[in-house]
Amino acid sequence: MKDEKNYYYCEECGLAYEDKAMAEKCQEYCSKFHACSIDITKHAVHLD
Ligand SMILES: [Zn+2]
């Protein structure tokens, strides 16, 4: 079993981030442009 970490989620696209600031950035971008920025999503945590 994996450790359960507390991730921050973008409520718009559902991606998880370890960094709250990145999650907020993503959500701001997603809600504004209705698309994700690759510069932001590259920081996302990839969950299985
Ligand atoms: Zn997002």
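For the structure, see preceding data.
Residues numbered from 1 in each chain as written. Predicted model: local features only at pLDDT ≥ 70, side-chain atom pairs only at ≥ 80, totals over all residues.

**Student:** Hey, could you run me through the overall build of the protein in this one?
**Tutor:** Counting its secondary structure elements, the protein contains 2 helices and 2 strands. When its helices and strands are written in sequence order, the protein yields β-β-α-α. Counting the 48 residues in the protein, one finds 19% classified as buried. When contacts within the protein are restricted to residue pairs at least 6 apart in sequence, those whose partners lie at least 24 apart make up 26%. (Helix = DSSP H or I, 4+ residues; strand = E, 2+ residues; numbered from the N terminus. Buried ≥ 20, exposed ≤ 12 C-beta atoms within 10 Å, placed from the backbone. Contact = placed C-beta atoms within 7 Å.)

**Student:** What exactly am I supposed to notice about unusual backbone geometry here?
**Tutor:** In terms of backbone geometry, most residues other than glycine have negative phi values and most peptide bonds are trans. Phi is positive for His34, close to 50°, though the residue is something other than glycine. If you trace the backbone, His34 turns up in the loop between helix H1 (20-33) and helix H2 (38-41).

**Student:** Would you mind going over the nonpolar core with me for this structure?
**Tutor:** Side chains of a nonpolar character, in soluble globular proteins, are inclined to be buried together. In terms of nonpolar packing, the biggest core is built from 9 residues, these being Cys10, Leu15, Tyr17, Met22, Ala23, Cys26, Cys30, Ile40 and Ala44. Residues within four places of Leu15 in sequence aside, it is in contact with Cys10, Cys26, Thr41 and Ala44. (Core = buried A, V, L, I, M, F, W, Y, C linked by C-beta atoms within 7 Å.)

**Student:** What exactly am I supposed to notice about H1 here?
**Tutor:** Residues separated by three or four positions in an α-helix point in the same direction, a consequence of the helix having 3.6 residues per turn. The end-to-end C-alpha distance of H1 is 20 Å, a good match for the 20 Å that 14 residues give at a rise of 1.5 Å each. Residues of H1 that are buried: Met22, Ala23, Cys26 and Cys30. Buried residues of H1 fall within an arc of 100° about the axis and therefore sit on the same side. Turned more than 90 degrees off the buried face of H1, the exposed positions are Lys20, Ala21, Ser31 and Lys32. For H1, the elements touching its buried residues are strand E1 (8-9), strand E2 (16-17) and H2. Note on H1: the residue one or two positions beyond its end, His34, has a positive phi of about 50°. (Expected span 1.5 Å × (residues − 1). Arc of directions from axis to C-beta.)

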